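# Structural description and commentary
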Amino acid sequence: MVSEALSSPATDGGPGIVNILMDLGPACTSNAGTFRDALRLITQKLPGGGKSSNSSSGAIPLKEGGIARLIHFFSAVGARTKDGSNSNHSNNSDASLSSAFVGVLMNDTTDWNKADKTSPSDWNLDVVSQVLTDFSLSLHWPLVARSFDFPEFKVRDTRHLELLLALYSKASSGGKFSLPLEPIAGVGDWRNKEGQLTLLRALLIVTPSVYKFPLEEGEERKDAAAALVDVNSSGGGTASPSLLSSSCPNPGGFACSKVLQRLLSLSDEPKLHQSAREVLGMGLQSCPEIILCALVRLQLSNAAAMNVADTPPQQLASIRARAQAGMPLKGELMRELIPLFFSPNPKWVVKNPTGAIRRLWEISPNTVVAACVEAFKVLPTAEERAEVVAFQCNLLRKSLPNADNGALQQVVSGSKDADFAYTLACYMADNGLLDFTNWLSERTNNVGKAAVTLQSIVFLTRTYNKAKLRSTAQGDGDSVKLVLSWENLASMLRMLTMVDNETMSQVIPNTDTTLGSQGKIILERCLQMYPNIATLTNSSSSNNANSPPNQPDEIEEAANAYFQKIYASEESAREVVEMLKRFKTSGSSRENDIFACMIHNLFDEYRFFSKYPEKELRITGILFGLLIKEQLVSSITLGIALRYVLEALRKPPNQSPQSGKMFRFGMFALEQFKERLHEWPQYCSHIVQIGHLREGYAALVGEIETAMDDNQSAGSVSTAPTAPTGASGITESSVGSVLGGEISVPSSSMGGFVSSTTGSVGSAPLGGLGKIELPPPKPKKAVFGPGLGRAVNAPAE
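Residues numbered from 1 in each chain as written. Predicted model: local features only at pLDDT ≥ 70, side-chain atom pairs only at ≥ 80, totals over all residues. Heavy atoms only, no water.

Here the focus is the overall build of the chain. Regarding its fold elements, the chain presents 38 helices and six strands. For the chain, buried positions account for 53% of its 797 residues. For the chain, the proportion of contacts with a sequence separation of at least 24, taken over those separated by at least 6, is 75%. Of the roughly 34600 Å² that the chain leaves accessible, carbon and sulfur atoms contribute 51%. (Helix = DSSP H or I, 4+ residues; strand = E, 2+ residues; numbered from the N terminus. Buried < 20%, exposed > 50% of the residue type's maximum accessible area, 1.4 Å probe, protein only. Contact = heavy atoms within 4.5 Å. Areas by Shrake-Rupley, 256 points an atom, 1.4 Å probe, with all protein chains shown as cover.)

Let us look at the side chain of Ser147. In this fold, Ser147 is placed in the loop between α7 (141-146) and α8 (158-173). For Ser147, a relative accessible area of 18% corresponds to the buried category. What Ser147 contacts, discounting residues up to four positions off in sequence, is Glu64, Gly65 and Ala68.

On to the packing of helix α32 (residues 614-629) against helix α34 (residues 657-673), then. In the contact formed by α32 and α34, the axes pass within 7 Å of each other and the chain directions differ by 40°. Both α32 and α34 take part in a crossing whose hand is right-handed. Packed against α32, whose contacting residues are Glu614, Leu617, Arg618, Thr620, Gly621, Ile622, Phe624, Gly625, Leu626, Ile628 and Lys629, the element α34 presents Lys661, Arg664, Phe665, Phe668, Ala669, Gln672 and Phe673 at the interface. Of the residues that constitute the contact of α32 with α34, the class distribution is nine nonpolar, four polar and five charged. (Axes fitted to C-alpha atoms, helices over the stretch in contact; angles between N-to-C directions. Left-handed = near helix turned anticlockwise from the far one by under 90°. Nonpolar A, V, L, I, M, F, W, Y, C, P; charged D, E, K, R; others polar.)

Here we take up the side chain of Ser517. Here Ser517 shows up in helix α27 (residues 515-529). Residue classification places Ser517 among the buried residues on the basis of a relative accessible area of 8%.

Moving on to the pattern of salt bridges. One pass over the full model with this rule turns up 33 salt bridges. Across the pair Lys222 and Glu362 runs a salt bridge, and its minimum N-O distance is 2.8 Å. Here Glu362 lies in helix α18 (residues 353-363) and Lys222 lies in helix α11 (residues 219-225), a separation of 140 residues in the sequence. Classification of Glu362 by relative accessible area gives partly exposed; the value is 46%. Note that Glu671 and Lys674 form a salt bridge whose closest N and O atoms lie 3.2 Å from each other. Among the residues examined, Glu671 registers a relative accessible area of 45% and is labelled partly exposed. Through salt bridges with shared partners, one network takes in Glu219, Lys222, Asp223, Arg297, Arg359 and Glu362. (Salt bridge = Lys/Arg side-chain N within 4 Å of Asp/Glu carboxyl O.)

Core analysis: the biggest nonpolar cluster contains 157 residues, and Leu21, Ile67, Ile71, Phe74, Phe148 and Phe342 have the highest contact counts within it. Of the residues forming this core, the biggest block, nine residues, is contributed by helix α22 (residues 418-430). If sequence neighbours within four positions are ignored, Phe342 has contacts with Ile357, Leu360, Val368, Ala371, Cys372, Ala375, Val388, Phe391 and Gln392. Core analysis: the next-biggest nonpolar cluster, separate from the first, contains 61 residues, Val576, Leu632, Val645 and Val701 among them. (Core = buried A, V, L, I, M, F, W, Y, C linked by side-chain atoms within 4.5 Å.)

A complete count under the given rule lists 28 aromatic pairs for this structure. Note on Phe74 and Trp123: the rings are 5.7 Å apart at their centroids and 70° apart in plane angle, and the pair reads as edge-to-face. Separated by 49 residues along the polypeptide, Phe74 in helix α4 (residues 64-78) and Trp123 in the loop between α5 (99-105) and α6 (125-132) bring together distant segments of the chain. Per residue, the accessibility class of Phe74 equals that of Trp123, and both read buried. Judged by centre distance (6.5 Å) and plane angle (85°), the rings of Phe609 and Phe624 are edge-to-face. Remark: Phe624 occurs in helix α32 and Phe609 occurs in the loop between α31 (589-604) and α32; sequence separation between them is 15 residues. Here the aromatic residues Tyr567, Phe603, Tyr606, Phe609, Tyr612, Phe624, Tyr644 and Phe665 are joined through ring pairs into a cluster of three or more. Between the NZ or CZ atom of Arg69 and the centre of the ring of Phe150, over which it lies, the distance is 4.5 Å. (Phe/Tyr/Trp six-rings, centres within 6.5 Å; stacked < 30°, edge-to-face > 60°. Lys NZ or Arg CZ within 6 Å of the ring centre and 35° of its normal.)

Even without being a glycine, Gln631 presents a positive backbone phi close to 60°. One can find Gln631 in the loop between α32 and α33 (635-649).

On to helix α16 (residues 313-324). Over its 12 residues, α16 runs 16 Å from end to end, which matches the ideal 16 Å to within 8%, given 1.5 Å per residue. Following α16 by one or two positions, Gly326 has its phi on the positive side, about 65°. (Expected span 1.5 Å × (residues − 1).)

This paragraph deals with the packing of helix α15 (residues 288-306) against α16. For the pair α15 and α16, interaxial distance at closest approach is 9 Å and the crossing angle is 155°. Here α15 is positioned roughly antiparallel relative to α16, judged by the angle of their axes. In the crossing of α15 with α16, the sense of the turn from one axis to the other is left-handed. The segment α15 lies against α16, with Gln299, Asn302, Ala305 and Met306 engaging Leu316, Ile319, Arg320, Arg322 and Ala323. (Parallel < 35°, antiparallel > 145°, perpendicular 65-115°, else oblique.)

So this is what it looks like as structure tokens:
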């Protein structure tokens, strides 16, 4: 029994030395001489203790492991509760020796039972610390700290820790130095991982006056400063001496890479995962700024170390293990940190978000961008996403110097998520922080024309029915908060009509539809829902973009009145066209709106032309053709007008009365603008391929073919012709962009799947495709004259 109790090496003493001291009781620490004699007698009787070279000189043969056990034991009994409980005292009866037996074993005549022995709380720690200083020069004290890794080691509470730190500091350096961090959290894994976790937890919940973590100059100190709030600044400035700390007792510990790395490693132990998470949870609640910055910096540091060339395989394996440590817990923490900083959170307000974002941007701008995107993507609705983007934009402007000219541009351009990039760009454009048209052009240069085309179509499909004029949507602090403004909608529509035919003909991967067909319905529905948008898509009237909108009913009535004059022969079609020219370029928003409303109502009435009487049909066809001839329709509306004429011409004139009316409408219109047909060679090729037109109107077909031949011989034919002089958009390519059948729109974002070098659609999966779901158009009130304007009360043919 005795040999088993004292079987530990003499340099350690094992639990035997502690058990013997406990049996001897506080009396053995009544004074320094008594305590030295007790230690000498005990250690000399331990196996190997009597062979110490120092034993003849009276030195106590204790080494680092034994001192570590003594420090732990005395700090534990010194912190015992009044009820005398001691969780550190072994319950193994084989290892517990009676004081009488100890005296016999040591051949010692001291009557320990008669010594001044009162209660367990009377251990004299001053005497203990005085005696332990005898070892200050003979031992390697970092090894003493490392030797706390024994099975019985555990820190019960902060009082226990305070005494342990005090004894270690006094014994090792006379109180000059504290417990080193490297042996307890740095090199090597502890066998007693639970004990190590209790030590780290206790260190983190005491104040720096008890234990100050030795932070490295530079990065770790900067992370710790992220939790400091400048009371003289409203945010965005640099730190000043007037600082208020966070509620975390010892925030420097969470900024320490060694501590953070060790906690993450311990969390991989199934039995310790929850305890390690609770420790980091304390930091998450009290100093989330530090946890965010330190966690990101640690991960990036490990990743950088793995990429260092010529790293020895063994060292690389160790680095890889550090990088992969605690991955589940890292994920849990980041899922809580991202919405905490990058989303509006009224329930939990971070004390110093600007300081944290400023520090995180210094560590890794790409991480800030990625966090913004993640906070954006988890929100289900366009309204919520627009709100979080506004929050993020304002946060970055407060946090970063010169954010408007640097950081924000990097965020909006650096994101690979197209939906996020478009939403942020729209908000910035609405608030004067970005030129949206220029941004679209730059994005086209960066990711390719086909990618931007599809991204714009997808974004508009999700948001077009929520568009509002900027001047109607002032948010907090005079900022504009919109899902989509009319102005940005107009910019995207203009861009789409300028895409060349070759790009529009590309097939989207995993679908049987082209970009052109995808864009068809969204273009038409935008015009159908917002007839006044034509005033914004025209550069000549863009100066009225921010003017107050006119009353829809008043504009509708004025537009209908002009149509009634045409059909009542009070005004000719040419006179109305001249009036529309003036309205289009007028500085009056009311006249601009009347112009847009008349164009929209005329297009909307197209499906009822087959029911028009002959006189009104002829007037309508002439008016339609004159709009094209005089360039009153351009860009999007030009493409739609040309397609309507082409569809009408394709109707067989003798098939039915309705079909004949539509064909005649097409001929009336074509006659007005045939002198412009040379501008659109592909459009001409569609016309001359109509069989019944070639048979019944050979002269017209020949005239068109001659014009096509003249253009080819003059070298004027191009696969992507530019717009003619005076047109505010393209012509030929706008036709190609709206020709096609049914449309289906991807349900996922189309970020970055097009090569900018080839300009072709890539093969990245687009996610599920489905029929586009668009709200029904608003009922129209158009009444052009007797028997006309039946868009409200008559079904289409």
